[in-house]
Amino acid sequence: MPDNPPLTLENIREVPKVLLHDHLDGGLRPDTVVELADAIGYRNLPTTDVPELSRWFREAADSGSLESYLETFAHTCGVMQTEEALVRVAAECAEDLAADGVVYAEVRYAPELFVERGLTLDAVVEAVQAGFDEGTRRVAERGRNIRIGTLLCAMRQHARATEIADVAVRYRDAGVAGFDIAGPEAGFPPTRNLDAFEYLRTNNAHFTIHAGEAFGLPSIWEAIQHCGAERLGHGVSIVDDIKSDADGTVHLGRLAAYVRDRRIPLEMCPSSNVQTGAVRSIAEHPIGLLARLRFRVTVNTDNRLMSGCTVSSEFAALAREFGYGWDDVRWFTLNAMKSAFLDFDRRLDLINNVIKPGYAHLTN
Ligand SMILES: [Zn+2]
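Remember, it's a predicted structure, so these values are computed and weren't measured experimentally.

What counts, and where the lines are drawn
Residues numbered from 1 in each chain as written. Predicted model: local features only at pLDDT ≥ 70, side-chain atom pairs only at ≥ 80, totals over all residues. Helix = DSSP H or I, 4+ residues; strand = E, 2+ residues; numbered from the N terminus. Rg over C-alpha atoms; globule rule 2.2 N^0.38 Å. Buried ≥ 20, exposed ≤ 12 C-beta atoms within 10 Å, placed from the backbone. UniProt positions renumbered as here; feature names shortened; annotations may be inferred. Contact = placed C-beta atoms within 7 Å. Pairing = 2+ DSSP bridges. Axes fitted to C-alpha atoms, helices over the stretch in contact; angles between N-to-C directions. Core = buried A, V, L, I, M, F, W, Y, C linked by C-beta atoms within 7 Å. Expected span 1.5 Å × (residues − 1). Bend = angle between axes of the 7 residues up to and from the residue. Right-handed = clockwise from strand over helix to strand, strands pointing away. Left-handed = near helix turned anticlockwise from the far one by under 90°. Nonpolar A, V, L, I, M, F, W, Y, C, P; charged D, E, K, R; others polar.

Undergrad: Please explain the overall build of the protein chain as it appears in this structure.
TA: Each helix and strand in the protein chain was counted, giving 17 helices and 10 strands. Here the C-alpha radius of gyration of the protein chain, 19 Å, is about what a compact globule of 364 residues would show, namely 21 Å. On the principal axes, the C-alpha backbone points of the protein chain span a range of 60 × 50 × 40 Å. Counting all 364 residues of the protein chain, 49% fall into the buried class.

Here you go:
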């Protein structure tokens, strides 16, 4: 058998990948931001020079705090206030993910952020869905396949979670795979939205919760034990409940053990965590320890525009820092596919007929 190819960015782009944590308003193409701003008369961009704007997004997001990171979204959301804009952004998202080798993605967005010019929540959801349908069709025309579900986010600092949860349930047979809460974590604990989570559970609907990104263990504990989150967005601070002795022996606290025992998926986004200051560097990212301990870890982009990343570039960075091989990339990908908010039979189909064959020539 020939040697496996090295884990270069180009080679990683060729294998099938699964993305569970990606924000629609964090993944626009820089030239699209400029064109949409012009089309709808949005005048607040820091620059209309495309390369300069692209750099500006990354630098502004690099400032080291989640709050200023979130400020960059004023511009992306500012240009996404019409049906045409939402259709275009979603269609391009599907194309960009497929070009990176993603075969299944759950892309999330907060409908309440796109109603400044009079769109209803339902109109937002229908426009985004039309965009993903269009993008998926264009991808298929080029001989690739991608399947995309959406997650509807409610913003933690607003008070519309029950309303958004209702939209998520109403559109669950029309492309909406689940629900999430996003926005500033400190001061806005998951239990503030308990009504929404109870409504979703009553309706057998899926949800994940951003927890343990900018705030510690209590946020994770509430998300799982009070709210019933099936997955954790980031979940980085679960390492605070893991102690290592000098001889390398590792001890899991009760919460960390629960998360691992229950196979609760962690939607980890390494570059984003470095940018917001949740961790100091990729090399120090807890994903290394958590993967070694066989937590249900997945690799995600969070915001491709702000981080200048793709799923493939995240894997390339992790491979560089942790020495990962193709077996590891395959393991992370299977973890993600198993954790998707997609029917069991469809997950199994993607695992057996797309993912495993896609790595068959690389391992063993
Ligand atoms: Zn996120």
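Undergrad: Please explain the UniProt feature "binding site: Zn(2+)" (unreviewed entry) in the protein chain as it appears in this structure.
TA: Here the UniProt feature "binding site: Zn(2+)" (unreviewed entry) sits at H21, H23, H210 and D302. In terms of the greatest pairwise C-alpha distance, the residues named above, spread along 282 residues, form a tight cluster of at most 12.0 Å across. Inspection of the secondary structure assignment puts H21 in strand β1 (residues 17-23). Taking the C-beta count within 10 Å as the criterion, H21 has 29 such neighbours and is therefore assigned buried. Here H21 is in contact with G233, E267, C269, N300 and D302, once residues within four sequence places are set aside. One can find D302 in the loop between β10 (297-299) and α14 (304-307).

Undergrad: I tried to follow the sheet that holds strand β6 (residues 231-234) on my own but got confused; where do I start?
TA: Taken in spatial order, the four strands make up an open sheet running β5-β6-β9-β10, and their pairing is parallel. Looking at which strands have only one partner, the edges of the open sheet turn out to be β5 (208-211) and β10. On average, adjacent strands in this sheet sit at an angle of 30 degrees to one another, irrespective of strand direction. Sheet topology places β5 next to β6; four bridges connect them, and they run parallel. Following the sheet pairing, I209 is matched in β6 by L232. Contacts from helix α10 (residues 217-226) reach β5 and β6, with the element oriented near 170 degrees to β5.

Undergrad: Hey, could you run me through the sheet that holds β1 in this one?
TA: If you walk across this open sheet you meet the four strands as β1-β2-β3-β4, and the pairing is parallel. The open sheet has two edge strands, β1 and β4 (176-182), and neither has a second partner. On average, each strand axis in the sheet is inclined to that of its neighbour by 20 degrees, with strand direction left out of account. Pairing analysis gives six bridges linking strand β3 (residues 147-155) to β4, with the strands arranged parallel. Bridge assignment links A154 to a residue of β4, and that residue is I181. Contacting β3 and β4, helix α8 (residues 161-170) runs over the sheet at an angle of about 165 degrees to β4.

Undergrad: Please explain the nonpolar core as it appears in this structure.
TA: For soluble globular proteins, the rule of thumb is that nonpolar side chains tend to be buried together. Counting 107 residues, the largest nonpolar core has V18, L86, A90, A94, V102, V128 and I146 as the members making the most contacts within it. Element by element, the count of residues in this core is highest for helix α6 (residues 83-99), at 10 residues. When near neighbours in sequence (up to four residues on either side) are disregarded, V18 contacts V102, V103, Y104, T333, A336, M337 and A340.

Undergrad: Could you clarify how one ought to interpret helix α17 (residues 344-359) in this entry?
TA: Each turn of an α-helix holds 3.6 residues, which means side chains three or four residues apart point in the same direction. Along its 16 residues, α17 runs 21 Å from first to last C-alpha, staying within 8% of the 22 Å computed at 1.5 Å per residue. Of all bends in α17, the biggest is about 35 degrees, found at I351.

Undergrad: Can you walk me through the pairing of β4 in this structure?
TA: The side chains of a regular strand alternate between the sheet's two faces. For β4, the tally of buried residues reaches seven of seven residues, placing the bulk of the element in the interior. Between the parallel elements β3 and β4, the chain passes through α8 in a crossover that is right-handed.

Undergrad: I would appreciate a short explanation of the environment of D166 in the present structure.
TA: One can find D166 in helix α8. You can call D166 partly exposed: it has 17 C-beta atoms within 10 Å.

Undergrad: I would appreciate a short explanation of the packing of α6 against helix α7 (residues 121-141) in the present structure.
TA: Any two packed helices are characterised by how steeply their axes cross, that is the angle between the axes, and by the distance between the axes. Relative to each other, α6 and α7 sit at 40 degrees, their axes nearing to 7 Å. The handedness of the crossing between α6 and α7 is right-handed. Contact residues: α6 offers E83, L86, V87, R88, V89, A90, A91, E92, C93, A94, E95 and A98, while α7 offers A123, V124, A127, V128, A130, G131, F132, E134, G135, T136, R138 and V139. Partitioned by chemical class, the residues of the contact of α6 with α7 number 15 nonpolar, three polar and six charged.

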